[in-house]
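Coordinates in review
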Amino acid sequence: GCSKGFEKTKAWVVKMRVLIVGNRYTSNMDVFENKEYRTFKIANALKNAGLSVKVLLINYRNNDVSSSSETVTFSLKSKQLLKHRKQVSQSIKYFSPTLVWFTNGPIVGLVAKSFFSSLMRTTSLYEVLDNYQTYYPSLLFPVTLFDKWMRRHSAYCSYVSTELLKA
């Protein structure tokens, strides 16, 4: 009895594909170049648990587009935005995530869900950030609306600093 249940659980975990969506740049580093950043630590922990994982990094700063087998960057300042959007969209569609984990709050989620419609139908885990007002005051109204929507429609919401440390 127990071993059959374990096998079913193991099969479910193997089929689970997680797309982690985060920022390409933090205030002081290029996340794509720093594999010690927490986005990659989360990805590695999930991989070690037997899940398939892909990382999508949103780039607001410049038109730099980078990709590897497990990480892709989408640049909002790309000179060929529509072509690049189509390539990233195909990559996401091919990966076919069963869960999307938004690691950097509402702005990352808003950009990802706006540009990649397939993510609208995917179950999401949403990390809530309380300080987005500090960084993007001009975007406060649409970002606040999206933040409220994400809190209601995500399978799980957590505060980055407290709940994730406990988990």
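Anyway, here's the lowdown on the structure attached to this text.

About the criteria used
- Numbers given for residues are sequential positions, taken from 1 along each chain in its written order.
- The model is predicted, so local features are restricted to residues of pLDDT at least 70 and side-chain atom pairs to those at 80 or more, both for listing and for counting; the totals for chains, interfaces and linings are taken over all residues.
- Side-chain metrics rest on all non-hydrogen atoms present in the structure, leaving aside hydrogens and water.
- Definition used for salt bridges: Asp or Glu carboxyl oxygen within 4 Å of a side-chain nitrogen of Lys or Arg.
- Secondary structure counts use DSSP, requiring at least four H or I residues in a row for a helix and at least two E residues in a row for a strand, with both numbered from the N terminus.
- The classification of residues rests on relative accessible area computed with a 1.4 Å probe and restricted to protein chains. Under 20% of the type maximum is buried, over 50% is exposed, and intermediate values are partly exposed.
- To pair, rings of Phe, Tyr and Trp, with the six-membered ring standing in for Trp, must have centres within 6.5 Å; the planes then decide the type, stacked if under 30 degrees apart, edge-to-face if over 60, and tilted in the middle.
- The rule for a charge over a ring is simple: NZ of Lys or CZ of Arg within 6 Å of the ring centre, and within 35 degrees of the ring normal.
- By definition, residues are in contact when any of their heavy atoms lie within 4.5 Å.
- Note on definitions: angles span 0 to 180 degrees between N-to-C directions of axes, and those axes are lines fitted to C-alpha atoms, for helices only across the stretch in contact.
- Should an angle fall under 35 degrees it is called roughly parallel, over 145 degrees roughly antiparallel, and 65 to 115 degrees roughly perpendicular, with every other angle called oblique.
- For this classification, Asp, Glu, Lys and Arg are treated as charged, while Ala, Val, Leu, Ile, Met, Phe, Trp, Tyr, Cys and Pro are nonpolar and the rest, including Gly, are polar.
- Criterion used throughout: strands pair if DSSP finds at least two bridges between them.

This model, assessed by the stated rule, comprises five salt bridges. Arg24 serves as the salt-bridge partner of Asp64, at 2.9 Å between the closest nitrogen and oxygen. Placement of Asp64 in the loop between β2 (52-59) and β3 (71-75) and of Arg24 in the loop between β1 (17-23) and α2 (38-48) is noted, with a sequence separation of 40 residues between them. Classification of Arg24 by relative accessible area gives buried; the value is 1%. Note that Arg38 and Glu127 form a salt bridge whose closest N and O atoms lie 2.4 Å from each other. Here Arg38, found in helix α2, pairs with Glu127, found in strand β5 (residues 123-128); they are 89 residues apart in sequence, far enough to count as distant. The exposure class of Glu127 is buried, given its relative accessible area of 0%. Because the salt bridges share partners, they merge into one network encompassing Arg24, Asp30 and Asp64.

Let us look at the packing of aromatic side chains. What the rule picks out here adds up to three aromatic pairs. Aromatic pair Phe74 and Phe115: ring centres 5.1 Å apart, planes at 55 degrees, arrangement tilted. Of this pair, Phe74 sits in strand β3 while Phe115 is found in helix α4 (residues 105-115), placing the two residues 41 residues apart along the sequence. An aromatic cluster of three or more residues is present, and its members are Phe74, Phe115 and Phe116. Over the face of the ring belonging to Phe32 we find Lys35, whose NZ or CZ atom lies 4.5 Å from the ring centre.

Its location among the elements puts Lys47 in helix α2. Judged by its relative accessible area of 27%, Lys47 falls in the partly exposed class. Ignoring sequence-local partners within four residues, the contact set of Lys47 consists of Val53 and Glu70.

Between α4 and helix α6 (residues 140-153), the shortest axis-to-axis distance is 9 Å and the interhelical angle comes to 85 degrees. Relative to α6, α4 is oriented roughly perpendicular. Across the interface between the two elements, Pro106, Ile107, Gly109, Leu110 and Lys113 of α4 pack against Val143, Phe146, Asp147, Trp149 and Met150 of α6. Residues belonging to the contact of α4 with α6 are distributed by class as follows: seven nonpolar, one polar and two charged.

To continue, consider the sheet that holds strand β6 (residues 156-159). Taken in spatial order, the six strands make up an open sheet running β3-β2-β1-β4-β5-β6, and their pairing is parallel. A strand with exactly one partner marks an edge of an open sheet, and here the two such strands are β3 and β6. Looking at each pair of strands side by side, their axes are set apart by 20 degrees on average, direction ignored. Bridge analysis of strand β4 (residues 99-102) against β5 gives four bridges, and the strand direction is parallel. Note on β5: the bridge partner recorded for Leu99 is Thr123. The sheet strands contacting helix α3 (residues 81-95) are β1, β2 and β3, and the helix crosses β3 at an angle near 150 degrees.

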